[in-house]
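So the chains spell out like this:
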Amino acid sequence: MAGSIVLFGPPGAGKGTQAGKIVEITSKPQVSTGDMLRAAVKLGSPMGLAAKEYMDAGLLVPDEVIIGLIQERLQEDDADQGVLFDGFPRTIPQAESLEKIATVSSVISIEVPDDAIVDRIVGRRMDPETGEIYHVQFKPAPPEIEGRLIQRPDDNEETVRSRLEAYHNQTAPLADWYSDRGLLIRIDGNASIKQVGVSVERAISRIL
Ligand code: AMP
């Protein structure tokens, strides 16, 4: 299928985890603006340093920065047949800009209520060697890996509350925006990783 897929949902909905499955099925490259920003922060580029302030505060990075990143990324050869967007677009202006430079063929919305999100994010850990995401309670790492796990600096309770506020004010309205265009597929994300994976697979098989 040509065209891009958008993986949509609040922080902690499991977008990153489910993205792996969609990449396997569709062979589309994953384009995560969060990962791109974290890479820029690690490099210490001026853009990364400016973005870090927003990220640490749980605020959205300005649209023009994000749109610039995406424009550049979509020029790479592997984006020819469409990509899987993860964490983008997050505002209506971002979606409007995307409409001008790429075709979105469907938007998979992973829906999780707020009260489930805080526990999910605060317990989230990453293996810096593989990028694999674990959770202290829901997906514990094997003992040989546990010692090297790290926590994202913005995965603390206070920042999560700001991120949720940004989601409700700026990102959630996009669900209706995409629904009006007939592109939105809603998935219940308030279930086990495995169950959500099955729903994601079903949604993908419907659109391929
Ligand atoms: P994520 O890894 O998708 O949860 O993103 C982490 C942080 O990066 C967010 O809390 C924002 O500060 C920033 N960010 C990532 N993607 C976007 C985007 N599309 N628009 C604005 N800010 C973003």
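Reading guide: rules and limits
Residues numbered from 1 in each chain as written. Predicted model: local features only at pLDDT ≥ 70, side-chain atom pairs only at ≥ 80, totals over all residues. Heavy atoms only, no water. Helix = DSSP H or I, 4+ residues; strand = E, 2+ residues; numbered from the N terminus. Contact = heavy atoms within 4.5 Å. Pairing = 2+ DSSP bridges. Axes fitted to C-alpha atoms, helices over the stretch in contact; angles between N-to-C directions. Near = heavy atom within 4 Å. Polar contact = N/O pair within 3.5 Å; in protein donor to acceptor, adjacent residues only side chain to side chain. Areas by Shrake-Rupley, 256 points an atom, 1.4 Å probe, with all protein chains shown as cover. Nonpolar A, V, L, I, M, F, W, Y, C, P; charged D, E, K, R; others polar. Buried < 20%, exposed > 50% of the residue type's maximum accessible area, 1.4 Å probe, protein only.

(A) Molecular detail of the environment of V6. Note on placement: V6 falls in strand β1 (residues 4–8). V6 sits 166 residues away from A172 along the chain, and the two C-alpha atoms are 14 Å apart. Not counting chain neighbours up to four residues away, the residues in contact with V6 comprise F85, F88, P89, V104, S106, V107, I108 and Y178.

(B) Main features of the sheet that holds strand β7 (residues 184–188). Pairing in this open sheet of five strands is parallel, and the strands run β2-β3-β1-β4-β7 from one edge to the other. Across the chains shown, the open sheet's two edge strands, defined by having one partner strand only, are β2 (30–32) and β7. For this sheet, the mean inter-axis angle between neighbouring strands, taken without regard to orientation, is 20 degrees. For β1 and strand β3 (residues 84–86), the ladder comprises three bridges, and the chain directions are parallel. Bridge pairing in β3 places V6 opposite F85.

(C) Local environment of the site of the ligand. What surrounds the ligand is a group of 16 residues, the closest being T33, R38, L59, R90 and Q94. The separation between a nitrogen atom of the ligand and a polar main-chain atom of G87 is 3.0 Å. If the ligand stood free it would expose 480 Å²; the protein chains cover 96% of that surface. The residue inventory of the shell around the ligand, partitioned by class, reads seven nonpolar, four polar and five charged.

(D) Representation of the side chain of D155. Within the element layout of this structure, D155 appears in the loop between α7 (143–146) and α8 (157–171). Judged by its relative accessible area of 1%, D155 falls in the buried class.

(E) Spatial organisation of the side chain of T91. On the secondary structure map, T91 appears in the loop between β3 and α5 (92–101). Judged by relative accessible area, which is 6%, T91 ranks as buried. For T91, the side chain forms a polar contact with the main-chain nitrogen of Q94, separated by 3.1 Å. If we ignore the near neighbours within four places in the chain, the residues touching T91 are L60, D63, Q170 and L174.

Note that every value here comes from positions in space, so none of it alone points to a role or purpose.
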